[in-house]
Amino acid sequence: MKHRLRKICCIIVLGFIFFGILAMLTGQIAMAQGTGDRSGAGFVFSRLFEFLTDIYTLLLVPRNMFLLFFCTLVGIFFGAMPGLTATLGVALLTTLTYGLPRETAMIALLSIYVGAIYGGSYASILINIPGTAASAATAIDGYPLACKGQGGRALGLTTTASWIGTMFGMIV
């Protein structure tokens, strides 16, 4: 089972790399011919590179990094407590972000939301009460694993899946 999953993941990653290189080359050929000005795939990749550069520049500020980690922990708390949802966490934090710069406020709001969606899996796996609506399906598979003594494995799987989903969502 592990080898099959590993092969599938490798095929997906290689497919993304292949199509990314193909799109980049197509955009560069169109730029060299003078036919593609701002609509080619090269333009898309250059904008993506600029976006990621701006994100990394924002994260180099220590205040933003602290806010990212702190709001993620608060979001995990909101998600893990049944009845406190990601929407409520974002709504309560919104009033505190009025005095912050726009980029810093967005870091805070997004990190509390992502943390709350992930944190809902804790209550879902350990006590079979989904902390958020997004973790309702996690209760179906996670709680039986916790009853068998494999709660740590279930939490590890949900952490990995949340990380992969967040990274994919940030890039796309």
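What you see is a predicted model, and the numbers here were worked out from it, not measured in a lab.

Peer 1: Which residues make up the overall build of the chain, and what values go with them?
Peer 2: Assigned secondary structure in the chain consists of 7 helices and 0 strands. Counting across all 172 residues of the chain, residues that qualify as buried make up 23%. Considering only contacts within the chain whose residues lie at least 6 apart along the sequence, 50% involve residues at least 24 apart. In the structure as shown, the chain presents an accessible area of about 11800 Å², 74% of it carried by carbon and sulfur atoms.

Peer 1: So what's going on with the layout of surface pockets? Which residues, and what values?
Peer 2: Computed from the structure, the largest pocket encloses a volume of approximately 1300 Å³. Considering the residues around the largest pocket, the lining is formed by 35 residues, among which Leu68, Val114, Thr166, Met167 and Met170 are closest to the centre. Of all the secondary-structure elements, those providing two or more residues to the lining of the largest pocket are helix H2 (41–59), helix H3 (62–80), helix H5 (102–126) and helix H7 (151–171). The leading source of residues in the lining of the largest pocket is H5, at 12 residues. Of the residues belonging to the lining of the largest pocket, the class tally is 20 nonpolar, 12 polar and 3 charged.

Peer 1: How would you summarise the packing of H5 against helix H6 (residues 136–147) if you had to cite specific residues and measurements?
Peer 2: Here H5 crosses H6 at 55°, and the two axes come no closer than 7 Å. Here H5 is positioned oblique relative to H6, judged by the angle of their axes. Between H5 and H6 lies a crossing of right-handed hand. Each of Ser121, Ser124, Ile125 and Leu126 in H5 lies in contact with H6, whose residues at this interface are Thr138, Ala139, Gly142, Tyr143 and Ala146. Per-class residue counts for the contact of H5 with H6 are 5 nonpolar, 4 polar and no charged.

Peer 1: Outline helix H4 (residues 86–94), supporting the account with residue identities and numerical values.
Peer 2: Within H4, the full set of buried residues consists of Ala86, Gly89 and Leu93. Angularly, the buried residues of H4 cover 60° about the axis, an arc narrow enough to put them on a single face. Those residues of H4 that are buried are in contact with H3 and H5.

Peer 1: Please give an account of a nonpolar patch on the surface that cites residues and values.
Peer 2: Taken together, the side chains of Tyr113, Val114 and Ile117 make up a nonpolar region of the molecular surface, amounting to roughly 230 Å² of accessible area. With respect to the helices, strands and loops of the structure, Tyr113 is situated in helix H5.

Peer 1: So, the pattern of salt bridges: which residues are in play, and what are the values?
Peer 2: Inspection of every chain in the model, using the stated rule, returns 1 salt bridge. Put simply, Glu103 and Arg102 hold a salt bridge, and the shortest N to O gap is 3.9 Å. The exposure class of Glu103 is partly exposed, given its relative accessible area of 36%.

Conventions used here
- Along every chain, residues carry numbers that run from 1 in the direction the sequence is written.
- Only residues with pLDDT of at least 70 get local features here, since the model is predicted, and only at 80 or more are side-chain atom pairs given and counted; chain-wide, interface and lining totals rely on the full set of residues.
- Values shown for side chains rest on all heavy atoms present in the structure; no hydrogens or waters enter the calculation.
- Helix numbers and strand numbers start at the N terminus; a helix is a DSSP run of H or I with at least 4 residues, a strand a run of E with at least 2.
- Throughout, exposure labels follow a simple rule: accessible area from a 1.4 Å probe, protein chains only, divided by the maximum for the residue type, with under 20% read as buried, over 50% as exposed, and the rest as partly exposed.
- Contacts are residue-level and defined by heavy atoms, with any inter-residue pair within 4.5 Å sufficient.
- Note on areas: these come from Shrake-Rupley sampling with a 1.4 Å probe, and a residue is covered only by the protein chains present in the view.
- Grid points spaced at 1 Å over the protein atoms alone were grouped into cavities, where a 1.4 Å probe fits but cannot get out, and pockets, open sets with protein on both sides within 12 Å along at least five of seven lines, with lining residues defined by an atom within 4 Å of a point.
- Grid points are joined across faces, edges and corners, and a volume is the space filled by probe spheres set on the points.
- Put simply, Ala, Val, Leu, Ile, Met, Phe, Trp, Tyr, Cys and Pro go in the nonpolar bin, Asp, Glu, Lys and Arg in the charged bin, and everything else, Gly too, in the polar bin.
- To define axes, lines are fitted to C-alpha atoms, for helices over the stretch in contact only, and angles between the resulting N-to-C directions are given on a 0 to 180 degree scale.
- Throughout this description, any angle smaller than 35 degrees is read as roughly parallel, any larger than 145 degrees as roughly antiparallel, any in the 65 to 115 degree range as roughly perpendicular, and the remainder as oblique.
- Note on convention: near helix rotated counterclockwise from far helix by under a right angle means a left-handed crossing. Clockwise means right-handed.
- Directions pointing from the helix axis toward each C-beta atom define the arc.
- Here a patch means residues that are over 30% exposed by relative accessible area and free of salt bridges, tied together within 9 Å if like-charged and within 5 Å if nonpolar (Val, Leu, Ile, Met, Phe, Trp, Tyr).
- What makes a salt bridge here is a side-chain nitrogen of Lys or Arg within 4 Å of a carboxyl oxygen of Asp or Glu, nothing more.

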